[in-house]
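Here's the letter readout for the chains.
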Amino acid sequence: MAPPIPTALDHHLTPEARRWLTDAVARVGDDPTAVRTVFPAVGRHCGRGPLVDGWTVADAARARLLAALPLRGAALAEEITALHRYGDSAEQRAVLRSLALLEDADASFADLGVPLVRAALRGNDTDLIEAALGPYAARHLDEDGYRHAVLKCVFCGIPLDRVAGLTERADRELARMLADFAHERVAAGRDVPSDIWPIVRAHPGALEASGLPAEATSSSSDRRAAAAAALAAFTGAE
Amino acid sequence: MRIFDPHIHMTSRTTDDYEAMYAAGVRAVVEPSFWLGQPRTSVDSFTDYFDALLGWEPYRAAQFGIQHRCTIALNPKEANDPRCAGVLDVLPRYLAKDGVVAVGEIGYDSMTPEEDEALARQLELAVEHDLPVLVHTPHRDKAVGTRRTLDVVRESGIPPEHVLVDHLNELTVSMVADSGCWMGFSIYPHTKMSEDRMVRILQEHGTERMLVNSAADWGRSDPLKTRKTADAMLAAGFDADTVDQVMWGNPVAFYGQSGRLDLEDVKPDETALFEGNSVKRGGE
Ligand SMILES: [Zn+2]
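Quick caveat, the model's predicted, so the values are computed rather than measured. (Residues numbered from 1 in each chain as written. Chains lettered and ligands numbered in written order. Predicted model: local features only at pLDDT ≥ 70, side-chain atom pairs only at ≥ 80, totals over all residues. Heavy atoms only, no water.)

Student: I would appreciate a short explanation of the environment of B:Arg140 in the present structure.
Tutor: All names here are of chain B. Summarising the element assignment, arginine 140 is placed in the loop between strand 5 (133–136) and helix 7 (142–156). Between the alpha carbons of arginine 140 and aspartate 109 there is a distance of 7.9 Å; along the sequence they are 31 residues apart. In this view, arginine 140 contacts Asp109 and Ser110; residues no more than four positions away in its chain are not counted. A distance of 3.2 Å separates a polar atom in the side chain of arginine 140 from a polar atom in the side chain of serine 110. (Helix = DSSP H or I, 4+ residues; strand = E, 2+ residues; numbered from the N terminus. Contact = heavy atoms within 4.5 Å. Polar contact = N/O pair within 3.5 Å; in protein donor to acceptor, adjacent residues only side chain to side chain.)

Here it is in structure tokens:
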């Protein structure tokens, strides 16, 4: 099991980087506006490489800076929304990954970060979409929003094991959407990503209700082949 | 031959330009934020522009094997527009970014009190953020404007080696040489400064602290003027090392003072994506 992110970060930082971050955290604690210039500078002081669980070193260091903000509720949301607005993609991704932690520490932050999640889901940057779909999105997106986020991942090739809360939140309607998506792919003679099947299988009848099974007798050989592969994957052990 | 164009506005150029620049040896560029030919009417248009200089444009350049960095500032022309004054308040956020290697272009256009104020404040910001500055000199009344620029730079307390004074000519080069600042020359088609005149200036004043740029933008300009000047230097008898000093070593040394230049070897790669988007068009 991977170490928790703060521990992993402490192990990873050089003494010089640790000093810089400690000092930055103290400055942000004294004056929240200091975050506006230290937050963008994290990458070159702390590093940008991978840490654990899809987090980078810079993500974890930035999360620590946000946690140090002496702000709550609407004031906190305003500051991090501006960091996101003026942030490059690495900064935006760190803001998105930090949302659940901010809410854990301050219940009044609540759903004030949801507009940032929605902005990421409107875009095409798979890195940001993945960062947006952590536990915070799983808690706050409404049913329709959550289903469409999952479907967007399938379209963009983001593996569904990166999406938080899927076990609890996948419902019959999502299974229907994924089965229809699979049918569309098969009708185009294309492969279907295998990670949708557990959700479709969990809702008996969803596959049958789509037009996919009928593709097995299509007059076009590539559709028949795609259907055979999809049906084998659906009934398969995995 | 490797070339670093220390002043070029790639946002206004085409992918053909990027290809031709790579073929000519250009491997790195700095794009100063400047005016767009038409006034902006709000701070938000500036921040969107700054975001493009830090996001889309470096991505576009990298597809063609060219590393792109930028300088950020409120330019002198628009410093006179009260609707744009708020840009100064958002600059600290941008000056902290990895892709920003200097404050610029700052300086004078018509030498108004508003320009004085913006210049002084941005020199202060440069000192605060420990960044070099790129200073534009006015095209009208250049000698007086350059002299006044150097006075303001001196009073600001910024170290002269952190300052690049640009768009110089035969009449302004000496005062900048004496100041200890770096000297920039923009080589244009037809007007202002040509590659042959540039060679004569280098013969007369040497190659220390000398930078040559194309300043290519949306106006009549030529992004290959750096290469053409390098060729003119070789034809005039400068050796390859000296050409490399002017075309690569000097810009790297100047912008390297930011501590953020961090040049790596990029190869053309059109398959990469920026925020999920590509420079390719559908069907390719
Ligand atoms: Zn310019």
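Structure shown, so let's carry the discussion forward.
Student: Please clarify how the coordination of the zinc ion should be interpreted in this entry.
Tutor: When a metal holds four donors in a tetrahedron, each ideal angle between them is 109.5 degrees; when it holds six in an octahedron, the ideal angles are 90 or 180 degrees. Residue and element names in this part refer to chain B. Around the zinc ion, the donor atoms from the protein are His7 (NE2), His9 (NE2) and Glu105 (OE), and they sit 2.0 to 2.2 Å away. All donors of the zinc ion come from a single chain, and their spacing in sequence reads H-x1-H-x95-E. Residue histidine 9 is found in the loop between strand 1 (3–5) and helix 1 (15–24), and its partner glutamate 105 is found in strand 4 (residues 100–107); the two are separated by 96 residues along the sequence. Like histidine 9, the residue glutamate 105 is buried in the burial classification. (Donors = N, O, S within 2.8 Å, 3.2 Å for Na, K, Ca; no water. Buried < 20%, exposed > 50% of the residue type's maximum accessible area, 1.4 Å probe, protein only.)

Student: Help me understand the nonpolar core in this model?
Tutor: The nonpolar side chains of a soluble globular protein tend to be buried with one another. Among the nonpolar cores identified, the biggest contains 84 residues, and A:Ile80, A:Leu133, A:Leu160, A:Ile196, A:Trp197 and A:Val200 are the most heavily contacted of them. Ranked by residues supplied to this core, first place goes to helix 12 (residues 172–187) of chain A with 8 residues. The next biggest cluster of nonpolar side chains, apart from the first, holds 72 residues, and it includes B:Ile8, B:Val29, B:Val100 and B:Tyr108. (Core = buried A, V, L, I, M, F, W, Y, C linked by side-chain atoms within 4.5 Å.)

Student: Looking at this structure, I do not really get the packing of aromatic side chains. What am I missing?
Tutor: Each aromatic ring pair is characterised by the separation of its centres together with the angle its planes make. Applying the stated criterion across every chain, the model contains 13 aromatic pairs over all chains. Through pairs of rings, three or more aromatic residues link up here, namely A:Tyr86, B:Phe46, B:Tyr49, B:Phe50 and B:Tyr94. In this structure, B:Arg27 is placed above the aromatic ring of B:Tyr22, and the distance from its NZ or CZ to the ring centre is 3.7 Å. (Phe/Tyr/Trp six-rings, centres within 6.5 Å; stacked < 30°, edge-to-face > 60°. Lys NZ or Arg CZ within 6 Å of the ring centre and 35° of its normal.)

Student: In this structure, what is going on with the domain arrangement of chain A? I would like to understand it.
Tutor: For interface size, the figure often reported is the accessible area lost on association. Residue and element names in this part refer to chain A. Examined at the domain level, chain A breaks down into domain 1 (1–106), domain 2 (113–159) and domain 3 (170–238). The distance between the C-alpha centroids of domain 1 and domain 2 comes to 21 Å. If you look at the interface, domain 1 gives 13 residues, while domain 2 gives 15 residues. Each partner contributes to the roughly 1,100 Å² buried at the junction of domain 1 and domain 2, and carbon and sulfur atoms together form 66% of this total. When the buried area of domain 1 at its contact with domain 2 is split by residue, Leu96, Leu99 and Glu103 rank highest and sum to 43% of it. Between the two partners, domain 1 and domain 2, sit 3 salt bridges. For aspartate 127, the salt bridge is made with arginine 93, and the minimal N-O distance between the two is 2.9 Å. There are 4 residue pairs in polar contact (both at pLDDT 80 or more) connecting domain 1 and domain 2. Going through the elements one at a time, helix 5 (73–86) and helix 6 (89–105) are the ones with two or more residues in the side of domain 1 that touches domain 2. Grouping the constituent residues of the side of domain 1 that touches domain 2 by class yields 5 nonpolar, 4 polar and 4 charged. (Domains from an automatic or database assignment. Buried area = accessible area lost by both parts, 1.4 Å probe. Salt bridge = Lys/Arg side-chain N within 4 Å of Asp/Glu carboxyl O. Nonpolar A, V, L, I, M, F, W, Y, C, P; charged D, E, K, R; others polar.)

Student: Whenever I open this one, the side chain of B:Glu57 confuses me. Can you help?
Tutor: Along the chain, B:Glu57 turns up in helix 3 (residues 56–63). In contact with B:Glu57, not counting residues within four places along its chain, are B:Met10, B:Thr11, B:Tyr18, B:Glu31, B:Ala52 and B:His68.

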